[in-house]
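What follows is each chain in one-letter form.
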Amino acid sequence: MSVWNAPVKSTPLNAVISLPPSKSLTARALVLALLAEEPTLLTNPLRCRDTELMIAGIQEFGAQVDEQAGGLLITPPAKLTPQTGIIECGLAGTVMRFLTPVALLSGRPVRFQGDEAAGARPMKGLLDALTKLGAQFSDMPKPGHLPFTISGQLNASEQLQQLQVDASSSSQFVSALLLISPALPFELQIEVDSVLPSIRHVEMTVAEVNACGGQIENLGGETGDWNTRQIRHLWRCRPACLRGGERHIEPDLTNAGPFLAAAMICGGQVSIPHWPAKTFQAGDAWRQLLTPMGARIYRSPEGSLVCQGNGVIGGTQCDLEAIGELTPTLAALCTLAVEPSKLTGIGHLRGHETDRLTALETEIKRLGGKAKASETTLRISPSPLHGDLVQTYADHRMAMFAALIGLQVPGVRIADIKCVAKTFPDFTATWETMLAGANGSA
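This report concerns the structure included in the present document. In this text, all values refer to a predicted model and were calculated from it rather than measured experimentally. Position numbers for residues start from 1 in each chain and track the written sequence from start to end. Only residues with pLDDT of at least 70 are given local features in this predicted model, and only at 80 or more are side-chain atom pairs given and counted; all residues enter the totals for whole chains, interfaces and linings. Based on all heavy atoms of the structure, the side-chain values leave hydrogens and waters out of the count.

Summing up its helical and strand segments, the protein has 12 helices and 24 strands in all. Both definitions apply: the radius of gyration is a C-alpha atom measure, and the globule rule equals 2.2 Å times residues to the power 0.38. Here the C-alpha atoms of the protein give a radius of gyration of 21 Å, agreeing with the 22 Å that 2.2 N^0.38 yields for 442 residues. In terms of overall dimensions, the protein has C-alpha extents of about 65 × 45 × 45 Å along its principal axes. Here the protein holds 442 residues, and the buried ones make up 61% of them. Contacts in the protein between residues at least 24 apart in sequence constitute 73% of all its contacts with a sequence separation of at least 6. Neither His nor the chain ends is counted toward charge; the positive residues are Lys and Arg and the negative residues Asp and Glu. Think of each charge as sitting on NZ of Lys, CZ of Arg, CG of Asp or CD of Glu. Averaging the locations of the 36 positively and 41 negatively charged side chains of the protein gives two centres separated by 4 Å. Helix numbering and strand numbering both begin at the N terminus, where a helix is a DSSP run of H or I of at least 4 residues and a strand a DSSP run of E of at least 2. Accessible area is worked out with a 1.4 Å probe on protein chains only. A residue is then buried under 20% of its type maximum, exposed over 50%, and partly exposed in between. Residues count as neighbours in contact if any of their non-hydrogen atoms are within 4.5 Å of one another.

Let us look at the environment of Leu 178. With respect to the secondary-structure elements, Leu 178 resides in helix α5 (residues 172-180). A relative accessible area of 0% means that Leu 178 is categorised as buried. Taking the C-alpha atoms as reference points, Leu 178 and Ala 129, separated by 49 residues in sequence, lie 12 Å from one another. Those residues in contact with Leu 178 that sit more than four places away from it in its chain are Ile 190, Val 202, Thr 205, Val 206, Val 209, Ile 216, Trp 235 and Cys 237.

Strands qualify as paired when DSSP identifies two bridges or more between them. Reading across the sheet, the 3 strands line up as β1-β23-β22 and stay open at both edges, with mixed pairing between neighbours. Among the strands making up the open sheet, the edge pair consists of β1 (3-5) and β22 (389-390). Alignment of β1 against strand β23 (residues 413-415), held across 3 bridges, turns out to be antiparallel. Paired with Val 3 across the bridge in β23 is Ala 415.

And the structure:
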């Protein structure tokens, strides 16, 4: 097990950090390239464990993937044909969820398997929806979870198919269905009759599909900003021919969080270049989340996001239902804050790479902090902290959480630091470059 001694920083920062590309956008672009009718050139795609598994996954269905300068050229197959009949998912929710509907399109049996921890990630809402479309599932020791084999044939219908999806545990169930909707021989109506966690990711999926020629219409009305709840969601998807062409991947704004938060903890300034003026990424919410906690944060005329801090962090109370993946970084700030905090709407985090609510409570307490997790809420109160070996549970976000605490608390060691390879293979090198006050890139 690789252990990393988290560096302490007692002087203000002054750094420019270039982020790795977005994992969420890369995953969606790879699936859409597989289903397109012409080649796609992905420029600036993320290369990490999750996306390498996705690349292997689309190759399993017959896509040809060629390295190009600064990107990947993906040539879709004439027909989706599994090569070995096995998809290795690792711990990637995007792989296990986005490619399962693709397997149904192929009409051939495909086995989905992954890391041991992958068996705890929920799949039932998606599998139930696919069953209604003709899928059959077998060799599934734990119902609604990996591993399993999918077989069966897509419903032979030209009529509108209606699906009511239980997506309370993951928005990826909806995104998975939206991604394949252009390739279906019928119109598909998807309804979610409840609050949908991580709604920004669904909005991202709709935008990406439609940008490639898809025809997805939001019949449920505007979903609103990340802090606006909507109870009923409805999409109508029509068959369409997806275009290829060139697709550029934005920087990963979720991964900006630890670096922006570092400026608040240490004082000084961190700048993130190429921050998009308009985006569906959940990480764009950092601009609203960090200001009430004491940050001065703005987008420069050159397109950089600049975060300035003074080393004093206030508490916060916010609903993170739509942007739950930001919780670990925010929880680190709350642990170092001078006031109590309450993070709500995050029950779905129990089905992420690990049970993040329990993991955060456990590790905050391990470091001397005060934290209490309930079914959907995490409360954190100020308390003297001390160093210890922080467990990461194979979760990249937990490693970044611990690195932030370590900026102020000596003796924080992080177990299995290599788990950051899931989305940010160069995280530790970029972190140390930031602390040195230089320009960093990943």
